[in-house]
Structure formats: structure tokens, C-alpha cells
Amino acid sequence: MTATLPATTAPGRPVAGRGLLRLALRSRRLALGLGILAVFALTALIGPWLVDDPDAVSVDLSQGPSGAHWLGTTQTGQDVFAQLVVSARGTLLIGAAVAALATAVSVVVGIGGGFLGGVADETISLISNVFLVIPGLPLVIVVSAYVKGGGLSSTIFAIALTSWAASARVLRAQTLSLRTRDYVLAARVYGEKRWRIVLVEIVPNELAIIVSQFIHAAIFAVLTQTGLAFLGLADLSHLTWGTMLYFAQGAEALAGGAWWWFVPPGLCTALLGTALSLVSFGLDEVLDPRLRTRRPRKRQRQRKEER
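The rules behind each value
Residues numbered from 1 in each chain as written. Predicted model: local features only at pLDDT ≥ 70, side-chain atom pairs only at ≥ 80, totals over all residues. Heavy atoms only, no water. Helix = DSSP H or I, 4+ residues; strand = E, 2+ residues; numbered from the N terminus. Buried < 20%, exposed > 50% of the residue type's maximum accessible area, 1.4 Å probe, protein only. Contact = heavy atoms within 4.5 Å. Areas by Shrake-Rupley, 256 points an atom, 1.4 Å probe, with all protein chains shown as cover. Salt bridge = Lys/Arg side-chain N within 4 Å of Asp/Glu carboxyl O. Axes fitted to C-alpha atoms, helices over the stretch in contact; angles between N-to-C directions. Left-handed = near helix turned anticlockwise from the far one by under 90°. Nonpolar A, V, L, I, M, F, W, Y, C, P; charged D, E, K, R; others polar. Core = buried A, V, L, I, M, F, W, Y, C linked by side-chain atoms within 4.5 Å. pLDDT = per-residue confidence, 0-100.

### Let's talk about the overall build of the protein chain
Within the protein chain, the secondary structure is distributed over 14 helices and zero strands. Secondary structure elements of the protein chain occur, N-terminal to C-terminal, as α-α-α-α-α-α-α-α-α-α-α-α-α-α. A total of 307 residues make up the protein chain; the buried ones form 40% of that total. In the protein chain, the proportion of contacts linking residues at least 24 apart, taken out of those at least 6 apart, comes to 69%. Accessible surface, the protein chain as shown: approximately 17100 Å² in total, 64% of it carbon and sulfur.

Right, dumping it as C-alpha cells:
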């Protein structure tokens with residue numbers, strides 16, 4: 001027995017299919033956030049093929065923006081624009097990989113523990129609580145320093161290790177509520193297998209939470225990696241916006257007035273975080289009926305005035 005969701009736009013009920021698509025297209029926050037993300041994604045995918053070698057040196061040392069170098073050069077003559085474009089791929093890769101790994105762990109731990117209950121739930125909950133009480137940033141710094149030199153995979157592992165527990169707690173609480181619903185109990189009575197109940201009855205009803213946790217994990221990953229790279233704890237052989245800030249800080253770009261070296265990567269990092277936040281806010285408007293109650297009222301008033 002599978003629960004079916006009513007296709008209605010009434011407050012407090014989910015909107016299905018075409019209704020969700022219409023609401024998504026009307027959300028300015030969602031459209032703006034997705035637009036910015038699309039630009040960054042295209043830059044990461046095809047940008048490195050369109051620019052010169054970011055490690056190539058030239059005789060133009062510490063030059064400001066010009067026609068030859070759109071964002072100037074470093075103290076060794078490297079093109080800042082080429083580094084910025086190539087760094088987008090590494091930054092987005094870390095954000096997406098950490099978000100996917102942390103979300104997968106939180107879904108398995110949170111939904112699995114909440115659905116099984118008993119000793120399994122208590123054990124998983126205890127592990128989650130341990131990771132919650134440990135300060136995240138110090139743990140990331142310790143793990144990163146220990147596995148330093150392992151490449152991007154070590155950075156991804158270190159950040160994901162500290163970003164799954166809070167999401168798992170949220171999913172566990174929601175699962176504890178969903179497993180006592182009538183349609184879940186009916187599925188058990190009909191003899192449905194546990195894995196099917198979880199995939200068909202539980203997970204779809206927590207999809208909004210999972211997507212939201214994925215976005216927040218991506219934001220946390222990008223900002224954390226930037227901080228680690230700035231401190232010199234990340235793998236500096238792979239270009240990211242964080243490593244650009246590290247090299248700019250090491251060369252005293254701020255003191256030397258070379259703003260074109262550190263402002264672009266810092267601005268791109270902030271813009272990426274803003275875009276992800278806009279997507280999160282936009283999805284909340286689409287998926288949460290309580291945030292859509294104002295617009296229908298305005299339309300009703302306009303209709304009454306027309307009549």
C-alpha cells in the first residue's frame with residue numbers, strides 16, 4: 001500500500017507535478033540562485049579549456065588588470081583570471097562531493113536508525129551525539145593536518161566527517177514521526193519489506209529535508225575548504241579559490257595593494273554561498289505551503305476587485 005499525495009495548492013498540503021513546476025518558475029530567489037550556479041557550473045566544466053595554463057609565468061610581474069590580463073597577474077607573472085577559472089572546478093567538486101557524501105551518511109544513519117528503533121537506533125544516536133558535541137572546525141583542522149598530502153580526497157573526507165551528524169538528527173526525528181503514520185503501519189500489515197517501506201513511504205516524505213541538508217552541506221564544505229586552504233592545511237597542489245587566497249596572503253598582496261589577486265576568489269566564494277542560500281530559500285517557498293499563503297490572497301483580492 002503506497003500513500004498518495006493530493007494534488008492541491010491549499011495551505012498545509014503538498015503540491016504535485018505541474019503545480020510544483022509552476023511555483024518553481026515563479027520563485028525569483030530560486031531562479032536567481034540557479035542562474036548563478038549555472039554560470040559557475042559552466043565555468044567549471046568548459047572554462048579550463050578556454051584559458052591559458054594557470055601555472056605559466058610571464059615577465060608581467062604584479063601587474064594590474066589590463067587587456068592582456070583581465071584580472072592582473074601574481075608576483076611571478078601568473079594570470080589571475082586563468083587561476084580563477086581553473087579553481088572553480090576544484091571548489092565546486094569539493095562542495096558537491098562533500099555534500100553528497102555527508103547527505104548519504106546522514107540519510108542512512110538518520111532514517112535507518114529512526115526506522116529500525118531499539119538498540120540500533122540508540123547506538124546510532126549515541127554516535128551522532130558524539131560527533132555533535134565535538135567542535136567541528138578543530139576536528140576538521142586535526143584531521144586535515146593528519147591526512148595532509150592525500151589530495152582532494154583527504155580534504156573531502158575531513159570535511160564530510162564533521163558535517164553529517166546534525167542532518168542525521170533532523171532526519172531521525174522526522175522518521176520517528178513518519179513511522180507511526182497510518183500508511184506506514186498499513187504497509188507493514190500488508191507485509192511490505194522494510195527496504196521498500198523506507199524507499200517508498202519514508203524517503204519521499206523527507207525529500208525536502210534531504211535537499212535542504214544537501215545544500216547546507218555544500219555551503220559548509222566550500223567555506224570550510226576555503227578556510228583550510230587559507231591556513232595552509234589543504235592540498236595546495238590543487239587550485240581552488242581557497243588556495244588562491246593562501247598564495248595571495250603569503251605574498252602579502254593586501255599590503256602591496258594587489259587587490260586583483262585576493263578580491264576575485266573571495267568574491268566568487270561569497271557569491272557561490274549566496275547562490276546556494278537563494279536556492280535553499282526558493283525551494284522552501286516551493287515545497288512549504290505555509291510560505292505560499294500570501295500570494296493566493298493577493299490574487300483573490302484582485303479577482304474580487306475585478307468583479
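There is more to say after this.
### Side note on helix H6 (residues 152-161)
Across the 10 residues of H6, seven count as buried, placing the element largely inside the fold. Among all positions of H6, only Leu152, Ser154, Thr155, Ile156, Ala158, Ile159 and Ala160 are buried. Of the surrounding elements, those touching the buried residues of H6 are helix H3 (80-116), helix H5 (136-146) and helix H10 (207-230).

### Some points on the environment of Leu137
Here Leu137 is to be found in helix H5. Separated by 22 residues in sequence, Leu137 and Ile159 have C-alpha atoms that sit 9.0 Å apart.

### A closer look at the pattern of salt bridges
Scanning all chains against the criterion turns up two salt bridges. Taking the shortest distance from any N to any O, the salt bridge between Arg172 and Asp121 comes out at 2.8 Å. You can see Arg172 sitting in helix H7 (residues 165-178) and its partner Asp121 sitting in helix H4 (residues 118-133), a full 51 residues away along the chain.

### Overview of the packing of H4 against H7
For any two helices packed against each other, one specifies the inter-axial angle together with the distance between the axes. The interhelical angle for the contact between H4 and H7, taken along N-to-C directions, is 145°, at an axis separation of 9 Å. The crossing of H4 and H7 is left-handed. Residues Asp121, Ser125, Ser128, Asn129, Phe131 and Leu132 of H4 pack against Ala165, Ala166, Ala168, Arg169, Arg172 and Leu176 of H7. For the contact of H4 with H7, a count of residues per class yields six nonpolar, three polar and three charged.

### Re the nonpolar core
Core analysis: the largest hydrophobic core is formed by 31 residues, its most contacted members being Phe40, Trp164, Trp241, Trp261, Leu272 and Leu276. When residues of this core are traced back to their parent elements, those giving at least two are helix H2 (28-50), H3, H7, H10, helix H11 (241-250) and helix H13 (259-287). The residues touching Leu276, leaving out its near neighbours within four places in the chain, are Leu37, Ile215, Ala218 and Ile219. Counting 12 residues, the second-largest nonpolar core is a separate cluster that includes Val98, Ile159, Ala221 and Ala234.

### Points about the confidence of the model for the protein chain
Of all residues in the protein chain, 84% attain a pLDDT of 70 or more, and the chain-wide mean is 83. Per-residue pLDDT, averaged within each element of the protein chain, yields its smallest value for helix H14 (residues 294-306) (53) and its largest for H3 (93). Scored below 50 in pLDDT, residues 1-16 shows 28 contacts in the model against residues more than four places distant or in partner chains.

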